[in-house]
Each structure stands twice: as structure tokens, then as C-alpha cells.
Amino acid sequence: MAARTDPAVEAFTTSIGADYRLHAEDIAGSRAHARMLRAVGLLSAAEQRAIDSGLRSIAAEFESSAFIVEPGDEDIHTAVERRLVELVGEPGRKLHTARSRNDQVATDLRLWCKRRCRELMLAAAALQEALLERAREHRRTILPGYTHLQRAQVVSLAHHLLAYFEMLDRDVGRLADCHRRCDVLPLGSGALASTTLPLDRRRVATELGFAALSANSLDAVGDRDFAVELSGACALCMVHLSRLAEELVLWSSTEFGFAELPDSHATGSSLMPQKKNPDPLELVRGRVGRVVGAQVALLTTLKGLPLAYNRDLQEDKASLFDAVDTTAACLAMAADIVRVVQFDTAAMAAAAADPGLMATDVVDHLVRRGVAFREAHRLVGRAVRAAARRGCALDELTPADWATIDGRAGEAAVVTLFDPARSLARHGLEGGPSPREVGRQLTRARARIAATRKLVTSLAGTHGRAG
């Protein structure tokens, strides 16, 4: 292009506002690239030392917030290179040898995604640990389990909290899988067709901690599947956080009365002095839309792109960065709230004392006495309707009443089934809510957290000099 680009076009196409935060990854990738260029004879030792010194100085400027973005800096890559030339002169102009901004930004973004995957895994583990510690306190705290938001059966608070632990464990697994998908070096792919120069891509991969090399240069520069996967992992994690937030919002309402947020984690009403609002939880619940929207935005950006690189891909970062930042902040807030929320165990026990929660126990009792399940279900349904007609609770039916409903009920045994603590203890199947089984789940949960932290340490240890 001979003519200068119109300033309005320059302003419209600049990405420095979004990709500025990739400066650490850009500098790490550039240092590794320069060392490789020296190793293959494309830079002299003196040139490589000058470049490395300049890049370390630029990194220090970023760390101290002294780096100045100039009006002509289109993106973080041109900004770093421009400053490098200012510091070291002609050697700085050689840094871009055998490199395109296409494979450069793909490398930077993969490095960033790997680091953030690990950070999110640790943030999820921190929330899991908070849930685990509260669950340990409440192995025998009884409350109703719900389906369709209707009281269903007796469970423990520990079992309920550990359900969210399992959701987060799947989130950790998705993030680990995403980390593996990010762990591919695209540098060396050039703009789209690699280069005729004798690069040593494996050396760069080792230095930067990548496990594999991209297999196809056309695909490598246009691939953002890893970003979609990370945004997707964030979206599903946020859905889980939103569900947890929703339950705590419900539980802290007067209608439930199962929980209360301390004043430090709630807000007052500007009009009604009696109100205590669960605003942090509502914001966790509300922000899921931003993260789900980020994944949709990324998918929409990619859906019609021909090979190889297109400028549309510049739009990947704002959505991805916001999704990751929002998820990290919500994980931290959720962990904080789980640590401080106050549970009203008396209110939970009172709700769980509803004899209707043990109706299924009676069905199981009849099944053990040889009644077919469908018939047992029908008979207990008759008992429920009989109690309703009489205006009494299910546990107020007498042995004679049960004998009238069906002689196989074992009348004397049936009336002993309506004890919430005993009902909880009876649900001891693997994966169930009995205190003994929850104890096993707590042990497993502690091991899962340790495994996550060990995995993150291992992944970080292979991250090379870019770590």
C-alpha cells in the first residue's frame, strides 16, 4: 500500500485496547523466537543479546506501568516491536524474521488461555474447598430435598452442598481438557504457508512449554476452537454458579428461612429499612448472560470464515477476556459467600419433619414385603389422600388405618418410618445422602481437590520460560 491509511480506518481497526493484556505472552514468545533465530543462524549472538535485553526492559516497563502506547501502535505486537527498535535499533527490526502477526497472536492467545485455564481450575478448587468445609459441618443437618421446587425427600445439607462440588469437579475437568487443547504451538506457521527459512519449531515449543506443534499452517493461524472451548467451559461453570446463587437467594428469603447472609455480604434497601438484599448472589446469577453471550459471539465470529486468517479474528479477545474475567470473579465471590453464609439448621429440620418426605420410604417398605412397586406407589398415594381428607399428617395415620389401606403394610412397622434422621440413615446406597455415605464422599472430595492442585502444579511446571 503506497498511500497512508485513513486515520478513521486506523482508529476503527486498532486492537491495542483489547490485546494490550497479552504483553507478557508477546514478550515471552518473542524472546523464545529470538533465541531460536540465533540457534539456526538467522541472528548473531550480539543481535540476540540486544533483542533479549530490550525485551526484558520492555517487560519491566509494563510491570511498572511505564510503557507508553503511541498513536501508531495498532496492536500489542507492533507496540512491543516499535519500542524494541527504539531501545536497540537495527537488531530489533530482525525480530520479525519468519514470523507473521497471524501466528504471533495465535501463540500469544494460546499462552494466555493456558495460564487462565490453570487459574480458573484453582479458583474452582477454592470454591470446592469452601463447600467441602461447610459440608463437613453438616453431615447430619437434615433438610428437604426438592424436585419441581416441591418438598420431595429427606437429604442432608452436606449432601446438598456436595452436589455443587460435583458440578465444579466437572468444570475442572473441562478446563483441564481445554488446557490440553490450547497446548499446541502455532508459531512458525507464518501468515498461512509457513516459511522457507530453517526454523526450529520444536525448540520454541519446548521453551514456551507447548506439548505439541500445529500440524497444518492454514489451520493454525485461523484456529480459535480453543478459545471457544474455554468460553464454553466458563459458560457452563457460570451456569453452575448461577444455580448455587439462586438456591442461596431462595434459602435466604423469608419464605424459606434456611440461610442468612451476614451484613458484610448483603445490601440494604434505599427505601425499606427492614430489607437485606442478596445482591452479590444476584449479580453472580445475572452475569451468566455475559459469559454465555461471549461464547455465542465467538462462534458467530468463526462461523463463516474462509481459510486462513481474517481480520474478524481480532474480535475474539474482548469476548473471551470478559468471559474468563467474569467467571474468575464469580468463583471468588461464590467461595467467599459459601464461607460466611449462616445456615438456620432449626428451620431446615422443621421443614424436613414433614411426614410426606418419608412417603417414598413407605413405598420401599412395601416393596420389601413383596408388593410390586407400582402397587406400593398406588397404596401410599391412597394413604396420602386419606390423611388429607382427615386433615392430618401422614404419620398420624394409625396402624388400623394402614391395615384398612392394605393388609400387607405391616402396620406396626409403617408407623416407625416417619423419623427424618432414620430416613436419612436408610439412604446409604453409594452416592446417597446418609451420614455414613456422605463421609465417604467427603473423603473423595478432599482427594479430588488435592488432585486438581497437583495437576495445576504439573501443568505450570511444563510451561517453560513463559510461565
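Since we're looking at a predicted model, the values are computed, not measured. (Residues numbered from 1 in each chain as written. Predicted model: local features only at pLDDT ≥ 70, side-chain atom pairs only at ≥ 80, totals over all residues. Heavy atoms only, no water.)

A. Quick look at the overall build of the chain. Helix and strand counts for the chain come out as 20 helices and six strands. For 467 residues, the compact-globule estimate of 2.2 N^0.38 gives 23 Å, and the C-alpha radius of gyration of the chain, at 30 Å, exceeds that figure by more than 25%. Burial analysis of the chain (467 residues in total) assigns 47% to the buried set. Intrachain contacts of the chain at a sequence separation of at least 6 include 76% that bridge at least 24 residues. When the accessible area of the chain is evaluated, it comes to approximately 21700 Å², of which 54% is carbon and sulfur surface. Within the chain, the 59 negative side-chain charges are centred at a point lying 5 Å from the centre of the 60 positive side-chain charges. (Helix = DSSP H or I, 4+ residues; strand = E, 2+ residues; numbered from the N terminus. Rg over C-alpha atoms; globule rule 2.2 N^0.38 Å. Buried < 20%, exposed > 50% of the residue type's maximum accessible area, 1.4 Å probe, protein only. Contact = heavy atoms within 4.5 Å. Areas by Shrake-Rupley, 256 points an atom, 1.4 Å probe, with all protein chains shown as cover. Lys, Arg positive; Asp, Glu negative; His and termini not counted. Charge placed at Lys NZ, Arg CZ, Asp CG, Glu CD.)

B. Looking closely at the side chain of His-33. Mapped onto the elements of the fold, His-33 is located in helix 3 (residues 23–39). With relative accessibility at 1%, the residue His-33 sits in the buried group. When sequence neighbours within four positions are dropped, the list of residues in contact with His-33 reads Leu-95, Thr-97, Ala-98, Arg-99 and Leu-187.

C. Seen up close, the pattern of salt bridges. Following the criterion strictly, the structure yields 45 salt bridges and no others. The residue Glu-25 makes a salt bridge to Arg-115 at a minimum N-O spacing of 3.0 Å. In this pair, Glu-25 is assigned in helix 3 and Arg-115 in helix 7 (residues 101–137), connecting sequence segments 90 residues apart. Close ionic contact of Arg-390 with Asp-401 constitutes a salt bridge, the shortest N to O distance being 2.7 Å. Note that Arg-390 is positioned in helix 16 (residues 373–390) and Asp-401 in helix 17 (residues 399–405), a separation of eleven residues in sequence. A relative accessible area of 15% places Asp-401 in the buried class. Through salt bridges with shared partners, a single ionic network connects Arg-21, Glu-25, Arg-115, Arg-116, Glu-119 and Asp-325. (Salt bridge = Lys/Arg side-chain N within 4 Å of Asp/Glu carboxyl O.)

D. Region of interest: helix 11 (residues 225–251). An ideal rise of 1.5 Å per residue puts 39 Å on 27 residues; helix 11 measures up with 39 Å between its terminal C-alpha atoms. In terms of residue burial, helix 11 counts as a mostly covered element, since 19 of its 27 residues are buried. (Expected span 1.5 Å × (residues − 1).)

E. Focus on the packing of aromatic side chains. A complete count under the given rule lists seven aromatic pairs for this structure. Relative to Phe-343, the ring of Trp-251 has its centre 6.4 Å away and its plane inclined at 75°; by these criteria the two rings are edge-to-face. Linking Trp-251 in helix 11 with Phe-343 in strand 6 (residues 342–343), this pair joins segments that are 92 residues apart in sequence. Take Trp-251 and Phe-343: they sit in the same class, and that class is buried. Pairing Phe-256 with Phe-258 gives two aromatic rings, centres 5.6 Å apart and planes at 85°, and the pair type is edge-to-face. In textbook terms, an aromatic cluster arises when at least three aromatic residues are bridged by ring pairs, as seen for Tyr-146, Trp-251, Phe-256, Phe-258 and Phe-343. The ring of Phe-321 carries the charged tip of Arg-21 above its face, separated from the ring centre by 4.7 Å. Between Lys-114 and the ring centre of Phe-210, over which it is positioned, the NZ or CZ distance is 4.5 Å. (Phe/Tyr/Trp six-rings, centres within 6.5 Å; stacked < 30°, edge-to-face > 60°. Lys NZ or Arg CZ within 6 Å of the ring centre and 35° of its normal.)

F. Looking closely at the nonpolar core. Ranked by internal contacts, the top residues of the largest apolar core, which has 99 residues, are Leu-127, Leu-230, Leu-241, Trp-251, Leu-320, Leu-331 and Phe-343. Apart from the residues lying within four places of it in its own chain, the contact partners of Phe-343 are Arg-134, His-138, Leu-157, Leu-161, Leu-248, Trp-251, Phe-258, Ala-259 and Met-348. (Core = buried A, V, L, I, M, F, W, Y, C linked by side-chain atoms within 4.5 Å.)

G. Spotlight on the pairing of strand 2 (residues 150–156). Across six bridges, the pairing between strand 1 (residues 142–147) and strand 2 is antiparallel. Residue Pro-144 lies in a different strand from strand 2, and its bridge partner there is Val-154. Hairpin connection from strand 1 to strand 2: two residues lie between these consecutive antiparallel strands, with His-148 at a positive phi of about 55°. (Pairing = 2+ DSSP bridges.)

H. Molecular detail of the packing of helix 7 against helix 11. Between helix 7 and helix 11, whose axes approach to 10 Å, the crossing angle comes to 20°. Viewed along their axes, helix 7 and helix 11 adopt a mutual orientation that is roughly parallel. The element helix 7 and its partner helix 11 pack so that their crossing is left-handed. Side by side, helix 7 and helix 11 meet where Ala-106, Leu-109, Arg-110, Cys-113, Cys-117, Leu-120 and Leu-127 of the first sit next to Phe-226, Leu-230, Cys-234 and Leu-241 of the second. (Axes fitted to C-alpha atoms, helices over the stretch in contact; angles between N-to-C directions. Parallel < 35°, antiparallel > 145°, perpendicular 65-115°, else oblique. Left-handed = near helix turned anticlockwise from the far one by under 90°.)

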